[in-house]
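Observations on the model geometry
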Amino acid sequence: MLAFILQRLIQAVVVMVTVAFIAFLLFQYVGDPVVFLLGQDATPDQIKELRQGLGLDQPFFVQFWHFLSNAVQGEFGLSLRQGAKVSRLIAERLPATLELALVAATLALAIGVPMGVYAALRRGTWISQLIMTVSLLGVSLPTFLIGILLILVFAVMLGWFPSFGRGEVVQMGWWSSGLMTAKGWHHIVLPAVTLAIFQLTLIMRLVRAEMLEVLRTDYIKFARARGLSNRAIHFGHALKNTLVPVLTITGLQLGGLIAFAIITETVFQWPGMGLLFIQAVTFADIPVMAAYLCLIALIFVLINLVVDLLYFVVDPRLRVGKPGGH
């Protein structure tokens, strides 16, 4: 187990250093931060002085080492657009994005897994066919279109939910939460459903396909021959083995919810990291772009590490080196 964890940690470090190098290249090839800070009317002396102050006159790999050292401490400099520390801007926007992704992931799992199991066990019924047809729409429609349609129906025509913003939030130190208030829940419904629909349909179709595959295996036939009930076979044996490959997809999709919430946050003007990144791209705010890239990579790496550990716990075949294992 220790060797397994060490191997994954080494891989994670290599990935993060690579991503940090790519993020560092943004400073080198996407505009000149000195020009952004001083403007076009700056004198050569002012430009030279600022370059020395920022360390831009040093060799390439020295600059990268300084960037890497600061990134480990969570420091990415000042936003070229807002003039504030990037770490503070990220800390202000991170709770909104994490809460949106958490609610969307909960919806996707709570609805997707049971629907997938039902579609597999009741294959051929009209309800199962209807579920599969609706899932095709969920996979095919782009997220921004789903969001606009939900706004049109539930915000404009029916007036049930607000169409933008986060609503009332509760401040707990540096963390802000909208899940502690009724208005916060009222505001998060539409963006969370919009973000969850694609993940929900993907998980549902994956669970159905894996469930059908498991139900055709020999050990399921042997369990039926032993006289086990359908409930014990379906939920005690088949579902447990179905969820093993689903762990990977679910973990990656959770990272995807956080990384690709950009469109949803833009449609609903949700004050999260995705909206901050879009604004940074619009104004070529390189420090914010680099910080966002590193943070999303870190989230994916951590989720992959957790998924690998869950694999190790759930699948006994990975524990072949354990004493007494077969």
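In short, a report on the structure.

Cut-offs and rules
- The written sequence of each chain sets the order in which its residues are numbered from 1.
- Per-residue local features are limited, in this predicted model, to residues with pLDDT of at least 70; the limit for side-chain atom pairs, both in listing and counting, is 80 or more; totals at the level of whole chains, interfaces and linings are taken over all residues.
- Only hydrogens and water are removed before side-chain values are computed, so all heavy atoms of the structure are retained for them.
- Here a salt bridge means any side-chain nitrogen of Lys or Arg lying within 4 Å of a carboxyl oxygen belonging to Asp or Glu.
- To qualify as a helix, a DSSP run of H or I must reach at least 4 residues; to qualify as a strand, a run of E must reach at least 2; elements of each kind are numbered from the N terminus.
- Any residue under 20% of the maximum accessible area for its type is buried, any over 50% is exposed, and the rest in between are partly exposed; the area is computed with a 1.4 Å probe on protein chains only.
- In this description, contact between two residues means that some pair of their heavy atoms is separated by no more than 4.5 Å.
- Pairing of aromatic side chains here covers Phe, Tyr and the six-membered ring of Trp, requires ring centres within 6.5 Å, and sorts the geometry by plane angle: under 30 degrees stacked, over 60 edge-to-face, intermediate tilted.
- Neither His nor the chain ends contribute to the count of charged residues, in which Lys and Arg are positive and Asp and Glu negative.
- Axes, fitted as lines to C-alpha atoms, cover a helix only where it is in contact. Angles between the N-to-C directions of the axes lie from 0 to 180 degrees.
- An angle below 35 degrees is treated as roughly parallel, one above 145 as roughly antiparallel, one from 65 to 115 as roughly perpendicular, and anything else as oblique.
- Two helices that cross are described as forming a left-handed crossing if the nearer one is turned anticlockwise from the farther one by less than a right angle, and a right-handed crossing if clockwise.
- Only Asp, Glu, Lys and Arg are considered charged in this grouping, and only Ala, Val, Leu, Ile, Met, Phe, Trp, Tyr, Cys and Pro are considered nonpolar; every other residue, Gly among them, is considered polar.
- As used here, the term nonpolar core means buried Ala, Val, Leu, Ile, Met, Phe, Trp, Tyr and Cys residues forming a set that is joined through side-chain atoms within 4.5 Å.
- Multiplying 1.5 Å by the helix residue count minus one yields the expected span of that helix.
- Axes are fitted to the seven residues ending at a residue and to the seven starting at it; the angle between these axes is taken as the bend at that residue.

Bringing the pattern of salt bridges into the picture now. Throughout the structure, instances matching the rule amount to three salt bridges. E92 is paired through a salt bridge with R88; the nearest N and O atoms lie 2.6 Å apart. Highlighted residues: E92 and R88, both in helix α5 (residues 86-121), separated by four residues, approximately one helical turn. In this structure E92 comes out as partly exposed when scored by relative accessible area, which is 42%. Here E99 ties to R166 by a salt bridge, and the two come within 3.1 Å at their closest N and O atoms. Of this pair, E99 sits in helix α5 while R166 sits in the loop between α7 (143-157) and β1 (170-172), and the two are 67 residues apart along the sequence. Grouping residues by exposure puts E99 and R166 together as buried.

Inspection of the secondary structure assignment puts F300 in helix α13 (residues 286-314). Counting along the chain gives 44 residues from F300 to G256, while the straight-line C-alpha distance between them is 8.1 Å. If we ignore the near neighbours within four places in the chain, the residues touching F300 are L252, G255, G256 and A259.

This next bit is on the packing of aromatic side chains. Centre-to-centre distance and the angle between the planes together describe a pair of aromatic rings. Scanning the model with the defined rule gives six aromatic pairs in all. Between the aromatic rings of F21 and F64, the centroid separation amounts to 5.3 Å while the plane-to-plane angle is 85°, which identifies the pairing as edge-to-face. Taken as a pair, F21 in helix α1 (residues 2-29) and F64 in helix α4 (residues 60-72) lie far apart in primary sequence, 43 residues in all. With a relative accessible area of 11%, F64 lands in the buried category.

Our next topic: the side chain of R93. Along the chain, R93 falls in helix α5. Buried within the structure, R93 lacks any salt-bridge partner; its nearest side chain of opposite charge belongs to E92, at an N-O separation of 5.4 Å. With near-sequence residues (within four places) excluded, R93 lies in contact with P271, G272, M273, L275, L276 and Q279.

Let's shift gears to the packing of helix α6 (residues 126-140) against helix α8 (residues 182-215). The geometry of α6 relative to α8 is characterised by a closest axis approach of 8 Å and an angle of 135° between their N-to-C directions. Here α6 is positioned oblique relative to α8, judged by the angle of their axes. The handedness of the crossing between α6 and α8 is left-handed. Contacts between α6 and α8 pair I131, M132, S135, L136, G138 and V139 from the former with I197, F198, T201, M204, R205 and R208 from the latter. Partitioning the contact of α6 with α8 into residue classes produces seven nonpolar, three polar and two charged.

Before going further, it helps to spend a moment on the environment of V103. Along the chain, V103 falls in helix α5. With 92 residues separating them in the primary sequence, V103 and L195 have C-alpha atoms 9.3 Å apart. With residues near it in sequence (within four places) discarded, V103 still touches L179, W185, I188 and A192.

Our next topic: the nonpolar core. The biggest cluster of nonpolar side chains holds 47 residues, and the ones touching the most others in it are F67, F76, I90, M273 and I296. Every element with two or more residues in this core is listed here: α1, α4, α5, α8, α10 (230-259), α12 (273-282) and α13. Look past the residues within four positions of F67 in its chain and what remains in contact with it is A20, A23, F24, F27, F76 and A290. In terms of nonpolar packing, the next biggest core, distinct from the first, is built from eleven residues, V117, L200, M211 and L215 among them.

All right, on to α7 then. In this model, α7 (15 residues) spans 20 Å end to end at C-alpha, consistent with the 21 Å of a helix rising 1.5 Å per residue. Of all the bends in α7, the greatest, near 30°, is centred on I151. Taken as a whole, α7 has its buried residues at I146, G147, L150, I151 and A155. Where the residues of α7 are buried, they touch α6, α8 and α11 (262-267). Count one or two residues on from α7 and you reach G159, which has phi positive near 70°.

What is shown is where atoms sit, not what they do.
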